[in-house]
Amino acid sequence: MVSSRVGKAVSATRYLRALKALQALPIKAVVPGHGPAAPATAIASVERYLAQLRARVLALLHSGVALSEVPDAANLPEFARWDQYETIHRRNASVLFVRFEREEMFKRAGSAD
Amino acid sequence: MRRMHFIGRLLGLAAGGLGVAAPQADSAVGGLPGPASHADSSPEWESLRDRLFPSRPVSATPGVVQIVAPLRAAYGASVPIKILSNLPQTPGLYVKRLTLVVDKNPSPVAAVLDLTLEVGQADFETRIRVDEYSHVRVIAELSNGQLHMDSRYVKTSGGCSAPPNRDALNLLGKTLLKLPEPVTMNRPTTADVTVLHPNDTGFELNQVTVMYIPAHFVRSIKVSFADRKVFDADLDFSISENPTLRFNFVPHGRGELKAEVEDSKDGHWTGTLAVL
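Owing to the predicted nature of the structure, the values given are computational and were not obtained by experimental measurement.

A. Region of the structure containing the overall build of chain B. Helices and strands together make up the secondary structure of chain B, namely two helices and 18 strands. Intrachain contacts of chain B at a sequence separation of at least 6 include 70% that bridge at least 24 residues.

As C-alpha cells, then:
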C-alpha cells in the first residue's frame, strides 16, 4: 500500500501534521480509499515513508545527481513492496526533487536582489 | 479532444490529491499501447514533418544526432531530455538548427534552437512536459541543408498534471546563469540558463474560479557571449516550468555571458554572468 502520493495542493508540513494528529486519535483500523483495510500502524508507516523520501531526495539534490537518475537512485527498499511502488514512488521522488530544487533556486534568486 | 484529455488529467490528479492514492486513469496495467519502437513514426509527426520540412528528406540513420530520454519518465511535467551531436561545430559543417518535437503534445514543437559555431559542441539538456505516451524527437539541420533525426518513445505517468509553482511571482523572469564546470578557454564550456517562470500551458483549470489559467510562457532565450551570438532558442509551453537549458559556449577570453528572455506576454528580462 502506497498511500502517499505527494502532491502540490497540500504542503508536506501540513501533511505530516495531519498524520501526527491522526495518530493521537483512538483509531483501530484504517480503511483507505484504495487498497485493503490496515491496522492503525499504517499511519506511522506512511509518516516514516515520507520522512525517508524527503531525506533521500534532499541528499540526492545536494550530491548533484541529475533528475534523470533520481527515480532509480531514490529506491527505498523498506517500501518496495507497497502497491504501485514502481510508479508512485519514482514519481514522488522526481516531484520532490524538482520542488526542492525550485526552492533553492528561489532562495538564490531572492538573495541576489 | 486532446484538450479535454489534458484537462481530464489535471482534474484526475486534483481529485486524487494527497491522501490515499487514487487509481490513475493512465496507470492501468495493460493500458499500454501496442509495442512502440523508438524509431516509429506517428500520424502527428507525419503531418508536422510536411509543414516543418516540406518535401525534404529526413534521415533517421543513427550517428549524427542523438536524443536521450527515459523510457519511463517518472514525472511527466518534468522529463529530462538530452540532445547529443556527434558533429563538432566547424565552419565546414555544423549543426545549424535543432528542433525538439513531442508528437502528441497539444503544441508539439517544444523548442527550435538556432545555433552558431560559438556553441562549439551542439549538445543541449532541458526538461519538457510530456502529456501522454509519445515519441520525442530531435531533428538536426546541418549547415549543408541535410536533416537528421533521432527519436525515443517516452511513457509518462501524470502528463501535465502538476500545476506549476506560482508562489514566487515576484521572481518571475529572473534569469540565472551558472557554470557547473570550470571554464576552459577555446574549448566548449558547459553552462546552464534557467528562467524562473511558471510557463503556464493554458490547459490548467483554476479550481476556485473554474476558469482556465491563461497560457503564459517563455517564448525565447537568446544567449550571447562577449556580444557574439551563441544560440537563439524559440520555446513553447512544452518546456517545463522554470525553463532551463544546459548548453555549451566557447570562451576566447574574458567576457559576459548573457541571456535575453522574452515571454508570451511581452515580458523582457536579461541575465548575465561575468566569465573569468
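B. Seen up close, the overall build of chain A. Summing up its helical and strand segments, chain A has four helices and two strands in all. Counting all 113 residues of chain A, 28% fall into the buried class. The contacts of chain A with a sequence gap of at least 6 include a subset with a gap of at least 24, amounting to 62%.

C. Examining the packing of helix α1 (residues 12-23) of chain A against helix α2 (residues 41-62) of chain A more closely. Residues and elements named next belong to chain A. Between α1 and α2, the shortest axis-to-axis distance is 9 Å and the interhelical angle comes to 155°. Regarding the angle of α1 to α2, the classification is roughly antiparallel. Seen along the crossing, α1 lies across α2 with a hand that is left-handed. Where α1 approaches α2, its residues A12, Y15, L16, L19, L22 and Q23 are matched on the opposing element by I43, A44, V46, E47, L50 and R54. Residue classes in the contact of α1 with α2 are distributed as nine nonpolar, one polar and two charged.

D. Structural detail: the nonpolar core. Counting residues in each nonpolar core, the largest one holds 70 residues, and the members touching the most others are L98, V138 and I221 of chain B. With six residues, the top contributor of residues to this core is α2 of chain A. Ignoring any residue separated from it by four or fewer positions in sequence, one finds I221 of chain B in contact with V193, V195, A233, L235, L245, A259 and V261 of chain B.

E. Looking closely at the sheet that holds strand β11 (residues 189-195) of chain B. Residue and element names in this part refer to chain B. Sheet architecture is open: six strands sit in the order β2-β4-β7-β16-β11-β10, paired in antiparallel fashion. Here the strands that pair on one side only, and so sit at the sheet edges, are β2 (65-68) and β10 (175-178). Ignoring which end each strand starts from, the neighbouring axes of this sheet average 20° apart. Here five bridges tie strand β4 (residues 79-85) to strand β7 (residues 124-128), and the two strands are oriented antiparallel to one another. Note that in β7 the partner of V79 across the bridge is I128.

F. Region of the structure containing the environment of V193 of chain B. Residue and element names in this part refer to chain B. Structurally, the position occupied by V193 is in strand β11. Given 22 C-beta atoms within 10 Å, V193 falls into the buried group. Residue contacts for V193: discarding those within four places in its chain leaves T175, L177, I221, V223, T244, L245, A259 and G271.

G. Inspection of unusual backbone geometry at higher detail. Residues and elements named next belong to chain B. Unlike most non-glycine residues, N186 shows phi in positive territory, near 60°. Assignment of secondary structure puts N186 in the loop between β10 and β11. Exposure remark for N186: the 10 C-beta atoms within 10 Å place this residue in the exposed category. One non-glycine residue, L276, lies in positive phi territory at about 80°. Within the element layout of this structure, L276 appears in the segment after β18 (268-275).

H. Region of interest: the confidence of the model for chain B. Residues and elements named next belong to chain B. Chain-level statistics for chain B give a pLDDT mean of 86 and a share of 85% at 70 or above. Across residues 1-32 the pLDDT falls below 50, and counting only partners more than four positions away or on other chains, this stretch makes 54 contacts in the model. Here the predicted complex scores 0.83 on pTM and 0.77 on ipTM.

I. Seen up close, the pairing of β18 of chain B. Residue and element names in this part refer to chain B. As paired strands, strand β17 (residues 255-263) and β18 are joined by eight bridges and run antiparallel to one another. Residue E256 lies in a different strand from β18, and its bridge partner there is A274. Where β17 folds back on β18, the antiparallel hairpin that results is connected by four residues, among which D266 adopts a positive phi of roughly 70°.

J. Spotlight on the pairing of strand β14 (residues 218-225) of chain B. All names here are of chain B. Here β14 runs beside β17; their pairing, made up of seven bridges, is antiparallel. The residue of β17 that forms the bridge with V218 is D263. In this sheet, strand β15 (residues 228-235) lies alongside β14 in antiparallel orientation, the contact comprising six bridges. Directly across from S220, in β15, lies its bridge partner D234. Adjacent in sequence and paired antiparallel, β14 and β15 are bridged by two residues, among which A226 carries a positive phi angle near 50°.

K. Quick look at the packing of α2 of chain A against helix α4 (residues 85-111) of chain A. All names here are of chain A. Between α2 and α4, the shortest axis-to-axis distance is 9 Å and the interhelical angle comes to 55°. Here α4 runs oblique to α2, going by the angle between their axes. You can see that α2 and α4 cross each other, and the crossing is right-handed. Contact residues: L53, R54, V57, L58, L60 and L61 in α2; N92, A93, L96, F97, F100 and E101 in α4. Residues that form the contact of α2 with α4 fall into these classes: nine nonpolar, one polar and two charged.

L. Geometry of the environment of D266 of chain B. All names here are of chain B. Structurally, D266 is set in the loop between β17 and β18. Residue classification places D266 among the exposed positions, given that 7 C-beta atoms sit within 10 Å. In the structure, D266 is positioned 111 residues away from K155 in sequence and 34 Å away in space, judged by C-alpha atoms.

What counts as what
Every chain's residues receive numbers from 1 upward, in the order its sequence appears when written. Written order determines the labels here, with chains lettered from A and ligands numbered from 1. At least 70 in pLDDT is required for a residue's local features to be given in this predicted model, at least 80 for side-chain atom pairs to be given and counted, and no such filter applies to totals for whole chains, interfaces and linings, which use all residues. Helix numbering and strand numbering both begin at the N terminus, where a helix is a DSSP run of H or I of at least 4 residues and a strand a DSSP run of E of at least 2. By the criterion used throughout, residues are in contact when their C-beta atoms, derived from the backbone, lie within 7 Å. Any residue whose C-beta has 12 or fewer other C-beta atoms within 10 Å is treated as exposed, any with 20 or more as buried, and any in between as partly exposed, C-beta atoms being built from the backbone. Comment: axis = line fitted to C-alpha atoms, over the contacting stretch for helices; angle = value between 0 and 180 degrees taken between N-to-C directions. Note on terminology: angles under 35 degrees are roughly parallel, angles over 145 are roughly antiparallel, angles of 65 to 115 are roughly perpendicular, and the others are oblique. Left-handed describes a crossing whose near helix is turned anticlockwise from the far helix by less than a right angle; the clockwise case is right-handed. Following the grouping adopted for this structure description, the nonpolar residues are Ala, Val, Leu, Ile, Met, Phe, Trp, Tyr, Cys and Pro, the charged ones are Asp, Glu, Lys and Arg, and the polar ones are all others, Gly among them. Put simply, a nonpolar core is a cluster of buried Ala, Val, Leu, Ile, Met, Phe, Trp, Tyr and Cys residues tied together by C-beta atoms within 7 Å. A pair of strands is considered paired only if DSSP assigns at least 2 bridges between the two. The predictor reports its confidence for every residue as pLDDT, a score running from 0 up to 100.

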